[in-house]
Amino acid sequence: MPTDVIMPQMGESIVEGTITKWLKKPGDKVQRDEPLFEISTDKVDAEIPSPASGVLQEVKVGEGATVQVNTIVGIIASDGEAAAPAKAAPRAAAPPPAKPAAAAPKPVPAPEPEAPAAGRESAGRESAARESEDEHARSSPLVRKIAREHNLDLSAVTGTGLGGRITKQDIMAFLDRGVPSAATAATAAAPASAAAPRPSAPAAIPGDLVPMTQMRKIIAQRMIESRRTSAHVHAMFEVDLSRIVSLRNKLKSSFEQRHGARLTFMPFFVRAAIIALQQFPIVNASLEGESVRYHRHVNVGIAVALDWGLIVPVLKNADELNFLGLQRGITDLGERARGKKLKPEEVEGSTFTVTNPGQFGAVFGLPIINQPNSAIMGVGGITKMPLVVTDADGNDSIAIRSVVHLTLGYDHRLIDGAVADQFMAFVKKTLENWGEEVG
C-alpha cells in the first residue's frame, strides 16, 4: 500500500509548517529515514525524513506552501506500485525567495562522450587513485560518492566528525558555500571562446520585489518585539586574551587527538559568562509581569549564523558541564543547526545568550536581547594590539597582546548599569587570569 507523507508536528505549540524545498522529485527512489523535504516553522528549519522506502509517486504540496500539521503532502509507493505517472504539485503563488547563491543546488555537468578504450583505462586508473586519496580523507562511501559526483577533492573539506572524519553535513556545507569543484574551476579557466559555465544560482536582479522567507519574517518580528519590550543598554569591555590564545595554541592539537573535537574559543567565553552569572544571578533572570524569575540553571543560547538566517539553539544546564562538555555541546548544536537537525525544544528555554560577530571580523557589536532573556553577550574579533602592561613591581611597558572586545546588551528595567559593569568586570578577570583545566 502507498505511504502518506505528512506535515509533522515539530513541537506542541506548532500548528503549521512551510515546505521550503523538496529534496526528491516525483519518480525518485527514496530510502526510509532519508531526508525527503525541508520545512520551516516558527521554531526551527528542519529536514524531514522519508517515512518509508519506495518511490516518491506524488507531491501534493509544493514548495512555498504553508499547511496545517498532519496534512498529507506527498505519496510514497513501493517499487512495484510506482507504475502510475508521477505528479508534482505546483509551487505556491508567493514562494519564499531562493536561498543565497552559497546555498543553492550546484549545476550538474553534462555527461561526457564515451572515451576510447585507452582513455577509459587511463580514466579508471585516475578514478582508482582518487578513490584511494579519498579513503585517506576518512570519509564514508556516501561522502565519497557525493565527492565523485561533484568532482571534488576531499582533501579540501574540513571534517568535523570523530577524529576529523568528513561527514555528509561537512561536504554538503562545503558545496553550499559555493566553493567551485575541480570541473567548474577547470571550465572557468578555459579560454574565452569556450562556453561559459552556468551560474550556481540565479543572481538577484536589482529592482525585484522578492517575498521574505518564513524564517526572515520571524526574525524581523522578534527583533522588533525585543526592541519594544526591553530597555536596551550596552556596556563594552576590552579583554587581554593573550593567556587563553597561548593556552589554546599549545593544547589544540592534543585536545583534538584525545577528544575528537576541535578546541575553539567559544567555550572559554561561555564558561567565563557562566561563572559570572552564578555571582550575579540577576543577569540570568527574566521579567514575568511585575515579578522577577530567578532561574535555577544557566541555559546558554548560542547564536548560529546560517546562510538563510539566524537561529539560537540552547545548551541546557550549561552550569553543570565541564569545559569539554561545553565544547562538545557548542559544536554539536552548531553542526545540527546548519544541518537542519534541531528539535523545537532545543531552541527554547535560554536564560542568557552569547553571540559571536567577531567570527566575521567585527571589532564588536551591539546585539539585540534574545527574549525573554535579560542580557546577551557579544564576542568581537580577537586582534593583536599594543597595550600598556604593568609588571609585579609596578613598571609599565608596551607589549603586543591578543585583545577581544566583549559587549553586554542588557535590559535596564531589570539590570542596573553598575551590576552590568560588575558582571563584565568579573568575566574579564576570569578570562585574563584563566586557571581552569581545559581537558
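Quantities reported herein were computed from a predicted structural model and do not represent experimental measurements. (Residues numbered from 1 in each chain as written. Predicted model: local features only at pLDDT ≥ 70, side-chain atom pairs only at ≥ 80, totals over all residues. Heavy atoms only, no water.)

Draft legend 1. Structural view of the pattern of salt bridges. All told, the structure shown has twelve salt bridges when counted by the stated rule. With a closest N to O distance of 2.8 Å, Glu 47 and Lys 341 form a salt bridge. Within this pair, whereas Glu 47 is found in strand β5 (residues 45-49), its partner Lys 341 is found in the loop between α8 (323-338) and β16 (352-355), the two being separated by 294 residues in sequence. Taking the relative accessible area as the measure of exposure, Glu 47 reaches 23% and is therefore partly exposed. Residue classification places Lys 341 among the partly exposed residues on the basis of a relative accessible area of 33%. For Lys 60, the salt bridge is made with Glu 58, and the minimal N-O distance between the two is 3.6 Å. Three or more residues joined by partner-sharing salt bridges are found here, namely Asp 332, Arg 336 and Glu 346. (Salt bridge = Lys/Arg side-chain N within 4 Å of Asp/Glu carboxyl O. Helix = DSSP H or I, 4+ residues; strand = E, 2+ residues; numbered from the N terminus. Buried < 20%, exposed > 50% of the residue type's maximum accessible area, 1.4 Å probe, protein only.)

Draft legend 2. Representation of the environment of Gly 380. Residue position: Gly 380 is located in the loop between β17 (375-379) and β18 (383-390). With a relative accessible area of 4%, Gly 380 lands in the buried category. Residues Gly 380 and Leu 406 lie 26 residues apart in sequence; the distance between their C-alpha atoms is 6.0 Å. Residue contacts for Gly 380: discarding those within four places in its chain leaves Asn 356, Gly 358, Ala 362, Val 363, Phe 364, Val 404 and His 405. (Contact = heavy atoms within 4.5 Å.)

Draft legend 3. Spatial organisation of the environment of His 297. Relative to the helices and strands, His 297 resides in the loop between β11 (291-293) and β12 (300-302). The exposure class of His 297 is partly exposed, given its relative accessible area of 29%. A C-alpha to C-alpha distance of 9.9 Å links His 297 and Pro 281, two positions 16 residues apart in sequence. The residues contacting His 297, other than those within four sequence positions of it, are Asn 284, Asn 317, Asp 319, Glu 320 and Thr 351.

Draft legend 4. Layout of the sheet that holds strand β8 (residues 72-77). Read across the open sheet, the four strands follow the order β1-β8-β6-β3; overall the sheet is antiparallel. Sheet topology places β1 (3-6) and β3 (29-30) at the edges, where each strand pairs with a single neighbour. Taken together, the four bridges between strand β6 (residues 54-59) and β8 define a ladder with antiparallel strand orientation. If you follow Val 59 over to β8, its bridge partner there is Gly 74. (Pairing = 2+ DSSP bridges.)

Draft legend 5. View of unusual backbone geometry. The omega angle of the peptide bond from Gln 371 to Pro 372 is 5°, so this bond is cis rather than trans. Mapped onto the elements, Pro 372 comes out in the loop between β16 and β17. The phi angle at Asn 317 is positive, at roughly 50°, despite the residue not being glycine. Non-glycine residue Lys 340 carries a positive phi angle of around 60°.

All quantities given are derived from atomic positions and should not be read as evidence of function.
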